[in-house]
Amino acid sequence: MIIRLATESDIPALTRLLAQLFEQEAEFHVDPERQQQGLQSIFQHNTGEVLLALEGEQVFAMVSLLYNFSTALGGRVATLEDMVVSKAYRGQGIGSALLKAAIEQAKFRQCGRVTLLTDHDNHPAQHVYQQQGFIRSSMQAFRLPL
């Protein structure tokens, strides 16, 4: 297994992984065109990075890091999004390895914090995040669809 930064040429494989992720999430829907647009925006506007895991030419896992700035910390922070391991590859420690790589990338980019959201009932993912040192925030997420 190799973990590396994704490029625009990886968008078709990443879009297929996002479909698997959004099939299981309550708030999001599979829309390949929108997902491709979102990925292209990350690459073209340099607002983040996508890490992927692959074997040979087969991409089977991904995670996105989106960058912003925190006034509280006085510097760059990262939001971890779109963490997904293809169904056939789950339970092999790939998610943990990808998460570690994302944390190292955020440190390399001098981020003071990594924040993520997960469905409240996604206990397997929460366990993986907690194993890597993530703690529950007292903050509550709110959304306003526009």
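Right above here is the structure, for reference.
Residues numbered from 1 in each chain as written. Predicted model: local features only at pLDDT ≥ 70, side-chain atom pairs only at ≥ 80, totals over all residues. Heavy atoms only, no water.

Another point: helix α3 (residues 94–108). Look at α3: 21 Å from first C-alpha to last across 15 residues, which is about the 21 Å you get at 1.5 Å a residue. Against the buried residues of α3 lie β1 (2–5), β2 (48–55), β3 (58–70), β4 (75–85), β5 (114–116) and α4 (123–131). Phi turns positive, to about 60 degrees, at Gln-110, one or two residues after α3. (Helix = DSSP H or I, 4+ residues; strand = E, 2+ residues; numbered from the N terminus. Expected span 1.5 Å × (residues − 1). Contact = heavy atoms within 4.5 Å.)

With 14 residues, helix α2 (residues 32–45) should cover 20 Å at 1.5 Å per step; its first-to-last C-alpha distance of 20 Å lies within 8% of that length. When α2 is considered as a whole, its buried residues turn out to be Gln-35, Leu-39, Ile-42 and Phe-43. In an axial view of α2, the angular spread of the buried residues amounts to 95 degrees, which keeps them on one side of the axis. Summarising the geometry of α2, the exposed residues directed more than 90 degrees from the buried face are Glu-33, Arg-34, Gln-44 and His-45. Buried-residue contacts for α2 involve α1 (11–24), β2 and β3. (Buried < 20%, exposed > 50% of the residue type's maximum accessible area, 1.4 Å probe, protein only. Arc of directions from axis to C-beta.)

Right, let's get into the sheet that holds β3. Strand order in the open sheet formed by five strands is β1-β2-β3-β4-β5, with mixed pairing between adjacent strands. What marks the edges here is a single partner per strand, and that holds for β1 and β5. Neighbour-to-neighbour, the strand axes of the sheet open up by a mean angle of 25 degrees, direction not taken into account. Strand contacts of α3: β1, β2, β3, β4 and β5, with the helix running at about 30 degrees to β3, the strand carrying the most contacts. (Pairing = 2+ DSSP bridges. Axes fitted to C-alpha atoms, helices over the stretch in contact; angles between N-to-C directions.)

Looking now at unusual backbone geometry. Unlike most non-glycine residues, Asn-46 shows phi in positive territory, near 55 degrees. Topologically, Asn-46 is positioned in the loop between α2 and β2.

Here the focus is the pattern of salt bridges. The final tally for this structure, using the stated rule, is four salt bridges. Among the salt bridges present, the one from Arg-4 reaches Asp-10, with a minimum N-O distance of 2.9 Å. Among the residues examined, Arg-4 registers a relative accessible area of 31% and is labelled partly exposed. The exposure class assigned to Asp-10 is buried, which follows from its relative accessible area of 9%. (Salt bridge = Lys/Arg side-chain N within 4 Å of Asp/Glu carboxyl O.)

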